[in-house]
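# Geometric and topological summary
Now for the letters of each chain:
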Amino acid sequence: MKELNEAILKWGRANGKDVVKVDMFLNHRIDTALMFEMGEELARHFASAHPTLVLTVEASGIALAITAAHALGNIPVTFAKKSATVVQDGTMAQAKVFSFTHKQENIIRVDERYLPVKSRVLIVDDFLADGQAVRGMMDLCRQLDCTVCGVGIGVEKGFQMGGKKLREEGIDLYSLAIIDSIADGNIHIRE
Ligand code: 5GP
């Protein structure tokens, strides 16, 4: 997506060989116009799959999930949580996720009331690297007998294997931008 590619080239910063910082516009300070355009583009791609709910994981996937869900006709967004809460009063489905950025295993959890059985789920996240977060969300969907009708991603790092494997499995994965490599601090985006 042209506008996202331009924002990555303008604001994105390479951090080492495999991390891209996009705090200026995507997941700390948020460019709201761009975020709504991204949501609309995801909706254009996935509308024909008729999702009934968008699932993401806190926190940085939430903004894109909301704009996509809004563009899909105001369907609900549910986000999986990364920490347990003392005020929890429902049954939680849980899945293990190894965090690429924090290098530790997290448990993501979702109250079963907010991911109803048989939902048609569009999974959305800001980044795709090794695919752990997406697979954790797919696991939650499997546990609750939901159908994953697609995976929409803001930025895929094409030099990590997550996207390749999901596509090989026949999953409709649509990434709005794909970064092919980071070399000498420069970010190279797939045309
Ligand atoms: P995966 O689970 O696919 O290995 O990694 C995706 C998750 O890790 C996303 O939820 C995202 O928040 C985070 N992540 C992975 N790589 C990057 C990156 O290069 N930059 C940022 N900002 N987040 C990343």
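Residues numbered from 1 in each chain as written. Predicted model: local features only at pLDDT ≥ 70, side-chain atom pairs only at ≥ 80, totals over all residues. Heavy atoms only, no water.

### Points about the layout of surface pockets
Going by this rule: Cavity means a closed set of points on a 1 Å grid over the protein atoms alone, one where a 1.4 Å probe fits but cannot get out, pocket means an open set with protein on both sides within 12 Å along at least 5 of 7 lines, and lining means a residue has an atom within 4 Å of a point. Grid points are joined across faces, edges and corners, and a volume is the space filled by probe spheres set on the points. A helix here means a DSSP run of H or I that spans at least four residues, while a strand means a run of E at least two residues long, and both kinds are numbered starting from the N terminus. Gly counts as polar in this scheme, as do all residues outside two lists: the nonpolar Ala, Val, Leu, Ile, Met, Phe, Trp, Tyr, Cys and Pro, and the charged Asp, Glu, Lys and Arg.
The calculated volume of the largest pocket comes to roughly 710 Å³. Breaking the lining of the largest pocket down by element, the ones donating at least two residues are strand S2 (19-21), helix H2 (23-27), strand S5 (92-99), strand S6 (104-111), strand S7 (120-128) and helix H5 (132-143). The greatest single-element share of the lining of the largest pocket, amounting to four residues, is contributed by S7. Counted by class, the lining of the largest pocket contains 14 nonpolar, ten polar and eight charged residues. Here the second largest pocket defines a volume of roughly 210 Å³. Considering the residues around the second largest pocket, the lining is formed by 14 residues, among which Lys 81, Met 92, Val 110, Asp 111 and Tyr 114 are closest to the centre. Where the lining of the second largest pocket is concerned, the elements lending two or more residues are strand S4 (77-80) and S6.

### As for the packing of helix H1 (residues 2-11) against helix H3 (residues 32-46)
Condition: Lines fitted to C-alpha atoms define the axes, with helix axes restricted to the stretch in contact, and inter-axis angles between N-to-C directions lie between 0 and 180 degrees. Every angle not falling under 35 degrees, over 145, or within 65 to 115 is termed oblique; those three ranges are roughly parallel, roughly antiparallel and roughly perpendicular. Left-handed describes a crossing whose near helix is turned anticlockwise from the far helix through less than a right angle; right-handed describes the clockwise counterpart. Whether two residues touch is decided by their heavy atoms; if any such pair falls within 4.5 Å, the residues are in contact.
Following both chains from N to C, one finds H1 and H3 inclined at 140 degrees, their axes separated by 10 Å at the closest point. Accordingly, the angle class assigned to the pair H1 and H3 is oblique. The handedness of the crossing between H1 and H3 comes out as left-handed. Contact residues: Glu 3, Leu 4 and Ala 7 in H1; Leu 34, Glu 37 and Met 38 in H3. For the contact of H1 with H3, the class distribution of residues is four nonpolar, no polar and two charged.

### What to know about the sheet that holds strand S8 (residues 147-157)
What counts here: Any two strands are treated as partners once DSSP identifies two or more bridges connecting them.
Across the sheet, six strands lie side by side as S4-S3-S7-S8-S9-S10; this open sheet has mixed pairing. Both edges of this open sheet fall to S4 and strand S10 (186-189), since each of them pairs with a single strand only. When strand polarity is set aside, the average angle formed by the axes of neighbouring strands in this sheet is 30 degrees. Sheet topology note: the strand S3 (residues 53-57)/S7 ladder contains three bridges and is parallel. Counterpart to Val 54 in the pairing with S7 is Leu 122.

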